[in-house]
Amino acid sequence: YREIEIVHRSVEMCINALVEIPLIVEGTTPAKKVNRLLNVKPNPFEDRARLFRRAFLDFFIDGNVFFYYDGNDLFLLPANDVEVVPDENTFVKHYNYLLQNQQSQDFFGFSKQTRKSEVIQFYPHEIIHIMNENEMSIFRGTSKLKSIKRLLEVYYYLINFQRQFFKNNAIPGFVLTTDSILSK
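Remember, predicted model here, so these are calculated numbers, not experimental data. (Residues numbered from 1 in each chain as written. Predicted model: local features only at pLDDT ≥ 70, side-chain atom pairs only at ≥ 80, totals over all residues. Heavy atoms only, no water.)

Draft legend 1. Focus on the overall build of the protein chain. From N to C terminus, the protein chain includes four helices and eight strands. Along its sequence from the N terminus, the protein chain presents helices and strands in the succession α-α-α-β-β-β-β-β-β-β-β-α. Accessible surface for the protein chain amounts to roughly 13,700 Å². Of this, 59% is attributable to carbon and sulfur atoms. (Helix = DSSP H or I, 4+ residues; strand = E, 2+ residues; numbered from the N terminus. Areas by Shrake-Rupley, 256 points an atom, 1.4 Å probe, with all protein chains shown as cover.)

Draft legend 2. Region of the structure containing the environment of Pro 86. Relative to the helices and strands, Pro 86 is located in strand β3 (residues 82-87). Among the residues examined, Pro 86 registers a relative accessible area of 44% and is labelled partly exposed. Along the primary structure Pro 86 and Phe 139 are separated by 53 residues, whereas in three dimensions their C-alpha atoms are 7.6 Å apart. If near-sequence neighbours (up to four positions away) are discounted, Pro 86 is found in contact with Phe 91, Val 92, Lys 93 and Phe 139. (Buried < 20%, exposed > 50% of the residue type's maximum accessible area, 1.4 Å probe, protein only. Contact = heavy atoms within 4.5 Å.)

Draft legend 3. Quick look at the pairing of β3. Sheet topology note: the β3/strand β4 (residues 91-98) ladder contains six bridges and is antiparallel. Within the sheet, the bridge partner assigned to Glu 83 lies in β4 and is Asn 96. Linkage of β3 to β4, two consecutive antiparallel strands, is achieved through a turn of three residues. (Pairing = 2+ DSSP bridges.)

Draft legend 4. Spotlight on the nonpolar core. Of all hydrophobic cores here, the largest spans 16 residues; its most connected members are Val 7, Val 11, Leu 51, Phe 67 and Leu 76. Elements that contribute at least two residues to this core include exactly α1 (5-19), α3 (48-61), β1 (64-69) and β2 (74-77). Excluding residues that lie within four positions of it along the chain, Leu 51 makes contacts with Pro 42, Asn 43, Glu 46, Phe 67, Leu 74, Phe 75 and Leu 76. In terms of nonpolar packing, the next biggest core, distinct from the first, is built from 12 residues, Phe 66, Ala 79, Val 82 and Tyr 97 among them. (Core = buried A, V, L, I, M, F, W, Y, C linked by side-chain atoms within 4.5 Å.)

Draft legend 5. Quick look at a nonpolar patch on the surface. Residues Ile 6, Tyr 155 and Leu 158 make up a contiguous nonpolar surface patch of roughly 280 Å² in combined accessible area. The partly exposed category is assigned to Leu 158, whose relative accessible area is 41%. (Patch = residues over 30% accessible without salt bridge, like charges linked within 9 Å, V, L, I, M, F, W, Y side chains within 5 Å. Salt bridge = Lys/Arg side-chain N within 4 Å of Asp/Glu carboxyl O.)

Draft legend 6. Broad picture of the pattern of salt bridges. Under the counting rule described, the total for this entry stands at six salt bridges. A salt bridge links Glu 12 to Arg 53; its shortest N-O distance comes to 2.5 Å. Of the two residues, Glu 12 is situated in helix α1 and Arg 53 in helix α3; the sequence distance between them amounts to 41 residues. Since its relative accessible area comes to 29%, Arg 53 is described here as partly exposed. Note that Arg 140 is salt-bridged to Asp 62, the shortest N-O span being 2.6 Å. Highlighted residues: Arg 140 in the loop between β8 (127-131) and α4 (149-167) and Asp 62 in the loop between α3 and β1, separated in sequence by 78 residues. Overlapping salt bridges, with partners in common, bring together Glu 46, Arg 50 and Arg 54 in one network.

This is the structure:
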């Protein structure tokens, strides 16, 4: 996504347009709280635009968005670090948020690295899961960019080849010669 300029710019243009759309919430007491969460200040650490920029980016790149609602504030969990744990009876047993190489401080102020094996569990009533359609799974969505993954890889290698070619002053690394006369 970030390596190929046209994909990056296209996704950014879509996100910029989507973030500008106001969400209309009408009604009385609960509607005021929902309006505050969606249009004013979703949590103490970020504003509406930043939260929804990250949410739309997760939706484009991963095909999933996971919001955590603690009863007062709305937080976004990075979609690539959330695991849906299915259940036979309740459909979703819980969600695992996989901690991945994040710096944290212990009680004495020393930094420690977390590993992906460390998880925080969330119950289904704490998570709002928005997912794109996926014909392979009913638990996780898929990215819209997945269908052009092979094309993007070829384009990425082409750009890298051109970059290396022009770094060499557009001089090929070898020349083919022959003693014979080449014909049409």
